[in-house]
Amino acid sequence: MSHADKTNRRPRPTARATALDVTRRLQKAGFTTYWAGGCVRDMQLGRSPKDFDVATAATPDEVISLFKRTRAVGAQFGVILVRQAGHDIEVATFRTDGAYADGRRPTEVAFSTPEEDAQRRDFTINGMFFDPIAEHVHDFVGGQADLQAGLIRAIGTADERFEEDHLRVLRAIKFAARFGFEIEAKTWDAMRAAASKLPRISPERIRMELEAMLTGPRCARAAQWLAECSALDFLWDGAAALREEWSRRVNVLSLLPSESRSFELALAALLHRKDAAVAADACTALRCSNFTTDRVAWLVRQQHALDAPDALTLADLKLLMAQDGFEELMQLTAALHQVDGGDKRRVDEIRRRAAAIPSDEVAPPPLVTGDDLIKAGLRPGPAFKDALFKVYYRQLQNEITNKAAALEAARRYIEDS
Ligand code: ATP
Ligand code: MG
């Protein structure tokens with residue numbers, strides 16, 4: 001027996017076991033307590049939930065007094081994080097949302113019952129509760145029937161629900177695409193009516209929904225819905241310009257391999273043939289990370305350059321291969337060429353050429369550096385950088401193969417400048 005075994009360490013409880021424990025404790029203290037929302041939906045679909053949200057009749061103060069380690073995260077909404085066994089379990093008091101002043105958030109909430117709490121949730125499939133002790137689903141909104149029928153349906157009066165929170169337009173599309181569901185007719189009409197109000201929603205929240213739908217399954221279907229309900233025109237300032245050739249953009253998106261479809265690659269597919277600056281502006285408007293913005297702009301810019309791949313020299317190819325985005329660029333280019341009439345050979349040809357280059361020749365250290373030039377008696381100046389790049393380019397072309405030749409070429413470039 002190893003030392004570790006002797007210490008009798010048990011495996012860490014899962015999030016599910018921990019949420020069960022938290023629920024049991026609350027029920028024992030006399031508070032009606034269920035699991036709520038996404039996890040109830042996912043369990044009924046046979047999917048494993050991302051996290052387990054607990055909803056309870058206990059007030060935030062009562063939750064805090066029952067558990068050792070708690071943190072009030074959304075105190076005004078009655079949400080307490082219970083930290084246990086390395087998991088943060090969200091425990092929210094059953095509540096009714098008051099009036100929505102700005103199409104984003106309720107101005108006040110009141111603690112209430114499970115029935116009323118269900119009414120404030122967005123879609124019927126997200127509005128159910130599950131008692132994990134009694135193993136019973138409490139469905140006050142017809143969620144089970146809609147799960148069976150494969151329908152996204154707003155709880156209550158659809159128009160009012162999208163008027164309260166416009167982000168739900170994007171959430172409806174996200175869930176419909178994720179589960180391969182249809183959107184119920186009244187819900188759809190209400191989405192079309194509310195779509196133009198999306199600019200009132202923070203760009204970060206819009207981006208998060210967009211990222212989820214573009215990296216999830218059936219992203220092309222999601223993209224079509226975006227255009228059909230006109231949400232596309234209001235995703236960011238300038239997004240409406242993508243309507244031009246939208247079905248082509250969606251086709252490119254649909255041809256990207258699903259297992260490696262990053263948010264960046266998907267955005268580049270939707271923004272292809274636009275200026276790289278336009279692509280970067282879109283990302284900035286959506287408050288994307290610098291990484292995302294740079295990658296999308298790079299992909300769009302390089303895709304333009306690859307439109308004439310015959311002109312791609314050995315050095316050009318190596319410079320591209322040295323970039324992290326190279327594989328994504330190949331995937332984007334393959335999808336583009338397929339949409340343009342099936343000439344996949346051009347990409348295969350680039351891949352074949354790339355595969356033939358030994359890995360240590362892709363980005364070799366330069367034969368000559370700025371220090372070498374200074375040591376050779378040249379005075380540092382603006383021409384240095386340009387000359388060094390020209391020499392390096394010829395090194396990558398296998399035209400310059402040793403240091404003496406590199407130094408000589410650099411000297412000539414600087415003298416000629
Ligand atoms: P996911 O698996 O993507 O996390 P989810 O259903 O858990 O899906 P969350 O955004 O984590 O979605 O929200 C948890 C629950 O809170 C939802 O199931 C829904 O009941 C409710 N909810 C979340 N956002 C809204 C909203 N904008 N309007 C109304 N109810 C919402
Ligand atoms: Mg969730």
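Everything below is about the structure printed above this text.
Because the structure is predicted, anything quoted here is derived from the model rather than measured. Here the residue numbers are simple positions, counted from 1 along each chain's written sequence. Chains carry letters and ligands carry numbers; both start at the beginning, A for chains and 1 for ligands, and go up in the order they are written. Local features in this predicted model are restricted to residues whose pLDDT is 70 or higher, and side-chain atom pairs enter the listing and the counts only when it is 80 or higher, whereas totals over whole chains, interfaces and linings include all residues. Hydrogens are left out, water is left out, and the side-chain values use all remaining heavy atoms of the structure.

Examining the pattern of salt bridges
As a working rule, side chains carrying opposite charge can pair if their charged atoms are close by. We define a salt bridge as a side-chain nitrogen of Lys or Arg found within 4 Å of a carboxyl oxygen belonging to Asp or Glu. Enumeration according to the criterion identifies 30 salt bridges in this entry. Residues Glu 164 and Arg 168 are paired through a salt bridge, measuring 2.8 Å at the closest nitrogen-oxygen approach. For Arg 168, a relative accessible area of 5% puts it in the buried group. The partner of Arg 412 in a salt bridge is Glu 408, with the nearest N and O atoms 4.0 Å apart. In this pair, Arg 412 and Glu 408 both sit in helix α21 (residues 403–416), four residues apart, roughly one turn of the helix. The buried label goes to any residue with under 20% of its type's maximum accessible area, the exposed label to any with over 50%, and the partly exposed label to all in between, with areas taken from a 1.4 Å probe on protein chains only. Overall, Glu 408 belongs to the partly exposed group, its relative accessible area being 39%. Runs of E in the DSSP output that reach at least two residues are strands. Runs of H or I that reach at least four are helices, and both are numbered from the N terminus.

What about helix α14 (residues 276–285)?
Side chains three or four residues apart in an α-helix point the same way, a direct result of the helix having 3.6 residues per turn. Every buried residue of α14 is listed here: Ala 276, Ala 279, Ala 280, Ala 282 and Cys 283. Mapping the buried residues of α14 onto a view down its axis gives an arc of 155°, with all of them on the same face. We call two residues in contact whenever any of their non-hydrogen atoms come within 4.5 Å of each other. On its buried face, α14 is in contact with α13 (263–271) and α15 (290–305). Positive backbone phi, at 55°, marks Arg 287, one or two positions downstream of α14. Directions from the helix axis toward the C-beta atoms define the arc.

What about helix α20 (residues 383–396)?
Multiplying 1.5 Å by the helix residue count minus one yields the expected span of that helix. The end-to-end C-alpha distance of α20 is 20 Å, a good match for the 20 Å that 14 residues give at a rise of 1.5 Å each. All buried positions along α20 are accounted for by Phe 384, Ala 387, Val 391, Tyr 392, Gln 395 and Leu 396. The positive-phi residue at the C-terminal boundary of α20 is Asn 398, with phi of around 65°.

Quick look at the site of ligand 1
Nearness is judged by heavy atoms alone; a residue qualifies as near a molecule or strand once a single heavy atom is within 4 Å of it. Not every one of the 14 residues close to ligand 1 is listed here, only the nearest: Arg 41, Asn 126, Asp 165, Arg 168 and Arg 178. Interatomic distance of 2.8 Å between a backbone N/O atom of Asn 126 and an oxygen atom of ligand 1. Calculation of accessible area relied on Shrake-Rupley with a 1.4 Å probe; when residues are assessed, cover is drawn exclusively from the protein chains displayed. Within the complex, the protein chains bury 79% of what would otherwise be the 580 Å² of accessible surface of ligand 1. Secondary structure elements with two or more residues in the shell around ligand 1: α3 (38–44) and α8 (168–179). When residues of the shell around ligand 1 are assigned to their parent elements, the largest contribution, five residues, is made by α8. Each residue receives one of three labels: charged for Asp, Glu, Lys and Arg, nonpolar for Ala, Val, Leu, Ile, Met, Phe, Trp, Tyr, Cys and Pro, and polar for the others, Gly being one of them. In terms of residue class, the shell around ligand 1 is made up of one nonpolar, three polar and 10 charged. What qualifies as a polar contact is a pair of N or O atoms within 3.5 Å, subject to a donor-acceptor requirement within protein and to the restriction that residues adjacent in sequence count only when both atoms come from side chains.

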